[in-house]
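Residues per chain, in single letters:
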Amino acid sequence: MPQLTYEVNKAVDSLIRGKLVAFPTETVYGLGGDATNEEAVRRIYKVKGRPTDRPLILHVPDLATVKKVVLNWASTESKLASRFWPGPLTLILKNGGFISESASAGYKTVAVRIPSHPFALSMLESFAKVGSGVVAAPSANRFSFVSTTNAEDVEISLQNYLDKADMIVSSNSRDECKFGLESTIVDCSNGIPTILRVGVIKKTEIESCIGKPVRISKIEGRRQNSPGSSSIHYSPKTAFKMISNGEIKRDLLDLCEEGETFLWCFEKPVHTHQNLIAEVAPSCPREYGRQLYSKLNSLDREQLALILFEEPPKNEDWNAICDRLDKAKNRFCTKKL
Ligand code: TXA
Ligand code: MG
């Protein structure tokens, strides 16, 4: 595929020169830079607007490179890696000291994953031949805003902060973020595997892989009481609310009185209203997850008075989606409805 080779070479060239590359992964777009280049890593924090006490995920092409960045490699991580890598799983392990201090934000641990997306993997493999092969990349969105899953959303989010020499890898069907939700993060650094962020790889799959129970922790990879908490400043113009099926039946017409209202629901509502745009959401969690962020990003640009999402089912298949919707709820305007 000549176009793929051309873009990979261009991306690797940018990484080598210490520039940033927003690249697709199978989860979301990442804003990447050479994890061993202090200057490049500092710019990632700056472009993203992220507090520097929140460490970045390292993206590597293979196990040999993983072992360069971590201190120990024990049987739990080895089982998880052979089952889920390349793929949407991030492991927290003891820091081997290979990367720049800023990439790990001074932590004694590092977050690392081998992505499965063809572009990401190919870029990392080529970068390992001519450079460090380790790309530090948070999700490619401004801090506390919605993650991005296509080049257009990355551009809208970051264009005012990127330099000319940085690069946004274009999207097309080949470059799709097929899961659309950030990786599952499992902390394996202290003997008791703990899920720090839920994702498409489920708790039960992790437990059956390692043959023991895992905990889910709510701190989501952040130092408790750290100044970089997410209850922040983002208040876009659109009000956003999760709504139950019963509330749709009972309150929908009243809610539409606010102005133009978008409803993402699992079955078309019986009522119509001149202010209402109702769209049926995918009933399959995998497809819903794939569409979620691009839906939120595009709806937030539409000058709507109100965005309503019907509450998804409460079971393990929808766990990661409910987690992200919960966060989105806090990010969007919390105006009283
Ligand atoms: O799917 C993903 O994971 C995407 C793609 C681009 O790979 N990346 C991503 O990165 O979601 P980011 O920075 O948006 O989220 C990473 C989370 C942050 O909450 C960060 O604090 C946590 O991982 N984290 C990173 N290093 C950690 C560490 N050593 N210990 C605990 N949490 C860590
Ligand atoms: Mg993020």
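Scroll up for the structure.
A brief look at the structure comes next.

Focus on the pairing of strand 14 (residues 306-310)
Okay, step 1: Across the 5 residues that make up strand 14, a large majority, 5, are buried.
Okay, step 2: Of the two faces of strand 14, the one holding Leu306, Leu308 and Glu310 and the one holding Ile307 and Phe309 are both buried throughout.
Okay, step 3: Where strand 12 (residues 261-265) lies against strand 14, 4 bridges are found, and the strand directions are parallel. Bridge pairing links Leu263 to Leu308 in strand 14.

Some remarks on the pattern of salt bridges
Okay, step 1: Within this structure, the stated rule accounts for 17 salt bridges.
Okay, step 2: Of the charged contacts, one joins Glu176 and Arg290 as a salt bridge, the two residues approaching to 3.1 Å between their closest N and O atoms. With Glu176 in the loop between strand 7 (167-168) and strand 8 (184-187) and Arg290 in helix 9 (residues 285-299), this pair connects stretches of sequence that are 114 residues apart.
Okay, step 3: Looking at Glu176, the relative accessible area reads 37%, which means it is partly exposed.
Okay, step 4: Judged by its relative accessible area of 26%, Arg290 falls in the partly exposed class.
Okay, step 5: Residue Lys295 pairs with Glu279 through a salt bridge whose shortest N-O separation is 2.7 Å. One end of the pair, Lys295, is in helix 9; the other, Glu279, is in strand 13 (residues 276-280), with 16 residues separating them in the sequence.
Okay, step 6: The exposure class of Lys295 is buried, given its relative accessible area of 15%.

Some thoughts on the packing of aromatic side chains
Okay, step 1: By the definition in use, this model includes 7 aromatic pairs.
Okay, step 2: Relative to Tyr288, the ring of Trp264 lies with its centre 4.7 Å away and its plane at 40 degrees, an arrangement referred to as tilted. Linking Trp264 in strand 12 with Tyr288 in helix 9, this pair joins segments that are 24 residues apart in sequence.
Okay, step 3: Assessed through its relative accessible area of 1%, Tyr288 is described here as buried.
Okay, step 4: On the basis of an interplanar angle of 45 degrees and a centroid distance of 5.1 Å, the ring pair of Trp264 and Phe309 is categorised as tilted.

What to know about the side chain of Ser102
Okay, step 1: By secondary structure assignment, the location of Ser102 is in the loop between strand 4 (89-94) and strand 5 (109-113).
Okay, step 2: For Ser102, a relative accessible area of 16% corresponds to the buried category.
Okay, step 3: Ser102 has contacts with Glu38, Val41, Arg42 and Tyr45, leaving out every residue within four places of it along the chain.

Considering the sheet that holds strand 3 (residues 57-59)
Okay, step 1: Spatially, 7-1-2-6-3-5-4-8-9-10 is the arrangement adopted by the 10 strands of the open sheet, whose pairing is mixed. Looking at strand neighbours, the two that pair on one side only are strand 7 and strand 10 (215-216), the edges of this open sheet.
Okay, step 2: When strand 1 (residues 21-23) meets strand 7, the two strands line up parallel, connected through 2 bridges. The partner of Ala22 across the bridge, within strand 7, is Ile168.
Okay, step 3: Packed onto the sheet, helix 2 (residues 38-48) meets strand 2 (30-34) and strand 6 (135-136) and runs at close to 155 degrees relative to strand 2.
Okay, step 4: Strands strand 1, strand 2, strand 3 and strand 6 of the sheet are contacted by helix 5 (residues 118-130), whose axis makes an angle of about 140 degrees with strand 1.

How each quantity is defined
Residues numbered from 1 in each chain as written. Chains lettered and ligands numbered in written order. Predicted model: local features only at pLDDT ≥ 70, side-chain atom pairs only at ≥ 80, totals over all residues. Heavy atoms only, no water. Buried < 20%, exposed > 50% of the residue type's maximum accessible area, 1.4 Å probe, protein only. Helix = DSSP H or I, 4+ residues; strand = E, 2+ residues; numbered from the N terminus. Pairing = 2+ DSSP bridges. Salt bridge = Lys/Arg side-chain N within 4 Å of Asp/Glu carboxyl O. Phe/Tyr/Trp six-rings, centres within 6.5 Å; stacked < 30°, edge-to-face > 60°. Contact = heavy atoms within 4.5 Å. Axes fitted to C-alpha atoms, helices over the stretch in contact; angles between N-to-C directions.

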